[in-house]
Number of protein chains: 2
Amino acid sequence: MQYTLRQIGFLFLLFLLTTSCKKKAKEILKEQPYAIVIHGGAGTILPENMSATQKEQYHTILEKAIKKGFFILEKGGTSLTAVQKTIQLLEDSPLFNAGKGAVFDNQGKNKMDASIMDGKTLNSGAVAGVSNIKNPINAARLVMDSTKYVLLFGKGAEIFAQQQGVKFEPDAYFYTKGRHESLLRVQKKERNVRGYSIDSKQKKLKHYGTVGAVALDKNGNIAAATSTGGLTNKKYGRIGDSPIIGAGTYANNKTCGVSSTGTGEYFIRTLAAHEVSNLIYYKNFSAKEAVKEVIHNQITSLGGDGGMIVLDKNGNIAWSFNTKGMYRAYKKSNGDEKIKMFKMVKDTI
Amino acid sequence: MQYTLRQIGFLFLLFLLTTSCKKKAKEILKEQPYAIVIHGGAGTILPENMSATQKEQYHTILEKAIKKGFFILEKGGTSLTAVQKTIQLLEDSPLFNAGKGAVFDNQGKNKMDASIMDGKTLNSGAVAGVSNIKNPINAARLVMDSTKYVLLFGKGAEIFAQQQGVKFEPDAYFYTKGRHESLLRVQKKERNVRGYSIDSKQKKLKHYGTVGAVALDKNGNIAAATSTGGLTNKKYGRIGDSPIIGAGTYANNKTCGVSSTGTGEYFIRTLAAHEVSNLIYYKNFSAKEAVKEVIHNQITSLGGDGGMIVLDKNGNIAWSFNTKGMYRAYKKSNGDEKIKMFKMVKDTI
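The structure reproduced in this document is the subject of the present report. (Residues numbered from 1 in each chain as written. Chains lettered and ligands numbered in written order. Predicted model: local features only at pLDDT ≥ 70, side-chain atom pairs only at ≥ 80, totals over all residues. Heavy atoms only, no water.)

Focus: the relation of the copies chain A and chain B
For the pair chain A and chain B, the best superposition has an RMSD of 0.7 Å and corresponds to a rotation of 180° with a translation of 0.1 Å parallel to the axis. What the rotation and shift describe, once combined, is the action of a two-fold rotation axis. When each C-alpha of chain A is compared by its distance to the rotation axis, A:Tyr282 comes out closest, at 2.9 Å. Taken together, the interface assignments show that 100% of the residues at the interface of chain A recur at the interface of chain B, consistent with an identical surface on both copies. (Least-squares fit on C-alpha atoms with pLDDT ≥ 70 in both. Contact = heavy atoms within 4.5 Å.)

Considerations on the packing of helix H2 (residues 52–74) of chain B against helix H3 (residues 79–92) of chain B
Residue and element names in this part refer to chain B. As a packed pair, H2 and H3 sit with axes 8 Å apart at the nearest point and diverge in direction by 155°. By the angle class used here, H2 and H3 are roughly antiparallel. In the packing of H2 onto H3, the handedness of the crossing is right-handed. Contact residues: Ile61, Lys64, Ala65, Lys68, Gly69, Ile72 and Leu73 in H2; Ser79, Thr81, Ala82, Lys85, Thr86, Leu89 and Leu90 in H3. (Axes fitted to C-alpha atoms, helices over the stretch in contact; angles between N-to-C directions. Helix = DSSP H or I, 4+ residues; strand = E, 2+ residues; numbered from the N terminus. Parallel < 35°, antiparallel > 145°, perpendicular 65-115°, else oblique. Left-handed = near helix turned anticlockwise from the far one by under 90°.)

Digging into the pairing of strand S5 (residues 211–216) of chain B
Residue and element names in this part refer to chain B. With six of six residues buried, S5 is to be regarded as a mostly interior element. Neither face of S5 is exposed, since Val211, Ala213 and Ala215 on one face and Gly212, Val214 and Leu216 on the opposite face are all buried. For S5 and strand S6 (residues 222–228), the ladder comprises six bridges, and the chain directions are antiparallel. Pairing of valine 214 across the sheet is with alanine 224, part of S6. (Buried < 20%, exposed > 50% of the residue type's maximum accessible area, 1.4 Å probe, protein only. Pairing = 2+ DSSP bridges.)

With respect to the interface of chain A and chain B
Listed as interface residues are 51 residues of chain A and, on the opposing side, 51 residues of chain B. Between chain A and chain B lies a buried interface of about 4,400 Å² when both sides are counted; carbon and sulfur atoms form 65% of it. Taken together, the connections running from chain A to chain B amount to zero salt bridges. Viewed at the interface, chain B and chain A are joined by 23 residue pairs in polar contact (both at pLDDT 80 or more). Those elements that provide at least two residues to the side of chain A that touches chain B are strand S3 (124–130), strand S4 (151–153), helix H5 (154–163), strand S7 (238–239), helix H9 (264–269) and helix H10 (272–283) of chain A. With two bridges joining them, S7(A) and strand S4 (residues 151–153) of chain B adopt antiparallel strand pairing. In the strand pairing of S4(B), A:Ile239 is matched with B:Leu151. (Buried area = accessible area lost by both parts, 1.4 Å probe. Salt bridge = Lys/Arg side-chain N within 4 Å of Asp/Glu carboxyl O. Polar contact = N/O pair within 3.5 Å; in protein donor to acceptor, adjacent residues only side chain to side chain.)

On their own, these measurements won't tell you what the molecule is for.
This is how it looks when you write it as structure tokens:
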């Protein structure tokens, strides 16, 4: 049997057409999920301690934040932009311990930390101990995008941010009455406590207001970001876990994205965020199993407290905390949405 | 057959005696190994670039350092003390980029980082961006022992160290002609380079002189420590991996102790030290396999350069680097001892 050149060409065209159709059909059937999950800190968040107005305020801002991040993802934006813009919104709210509303250190200054990580390239950027930067997360993003460094601290980081045109605000912008009263209260209590150690009794009464976000975009890229004012009355240039890659923030397209909140030292010592990723990668844990193991076994056994949010490469979301509550919310491309503050019967989703 | 109470007592005594003897014999046969391994930085360390005198100088100090650490372990000292005192000795030598001999940042200052970790408790202490502290490792140890913090930076860390009675030295103490010439050379070259990024060509010509030590003591406790001046001409308060737990330093009695050296950003992004430990714990890798995977796969694939030393809980030592050489040495309780500088045919032991 013989074919003319024309017949061969036609058959080839037909082949190309069916292949492309199959590919398209596959894409439609297995659409890349996208999602965003956020936290606004863990601590003694109890329904009986909050007024109806307060509950509504937190609910509103959490909803606004996930909607903002989700909208970016929906329009085809990157997970990096989604987490950065979502964190920015949370930093701008005085309700959280990040940006406006950051706690005061023992010098009466707001010293803030932030970090961001790109799960595709493992590129990361972070700033620690910076003052007067309106949105520390923007400075962290610029460290990642515009330098070969990962972590910049203090005055040097501020000079860098200034050169990059990041917005600065005077001390008054960051001042919130509640945070200042907390400082005075902690300092008064600490006068009765010897030395420089953190008073563990105070710790138990604390609201941690660190903010964090993890997103998965339409291209399957994961990003994570965290921002905080650290601990009230912190001393000696203490840096917590928020600006530390692998402790407070981690993202890896192979596994998941993570953001932590709590007493940072425990998350540093356990490399909490990296550990969640490794449990998924090396031990085939689900996101839920991994975060539960790290919070309720590794962190708890050291005496640490706090919580974490996780979003894996398949769009599964998990969170866990060993405190009374954690401000948390998510929105997924399949329509799922949750906004929570208090402890549920099952604290992992 | 019947036994008197006396006979039963005698038999029981005999049983106890043989059990205790067996236990003792077992202890003698399986004595807890102890060991110390150190590095003095990785880089373009080539035999043809070093004079005989230089080679001898490095050999002498590396030998002195492992002997010091080993002597502490032999006398029953803790691995924490062994690594601290060994690092102190290396910091006091102008040959390495740590303590005396630290490189200069772009302001012409020595800004040093150090960290230490206890594998038994996962307690850790670190300082970043400190000036004029004679032995930054001593400040890191005090952060671990005397505060509930892990990481202190800059002025705050210096104030803490001062209050703790840590020894300070004037700028002149840290000055070395070679390091200052390096700064001027790098700055001259950088005037032709746009912006703030690290010149990757310069990077290739560099000796990294970070120092690190890992020890396993007679009680089976592992400790790790790292100290550095960071990168020559570093800007904006850049912090590398040396003071970051899980990146530059990690210790866990369940697995191993690790200290890293190289372009810190790659070790931060891969959580290199924690990754080695996790490969041992979760994937049953040997120390040798784990360090090889992290350096030659994970770090190298990102374009990073440097090296690591590992000492596992059974006393096995491994090291690996993707640079031309790495100052490195170890001493074990079974009599093994090695002092190396250049690349061997097999770069992992």
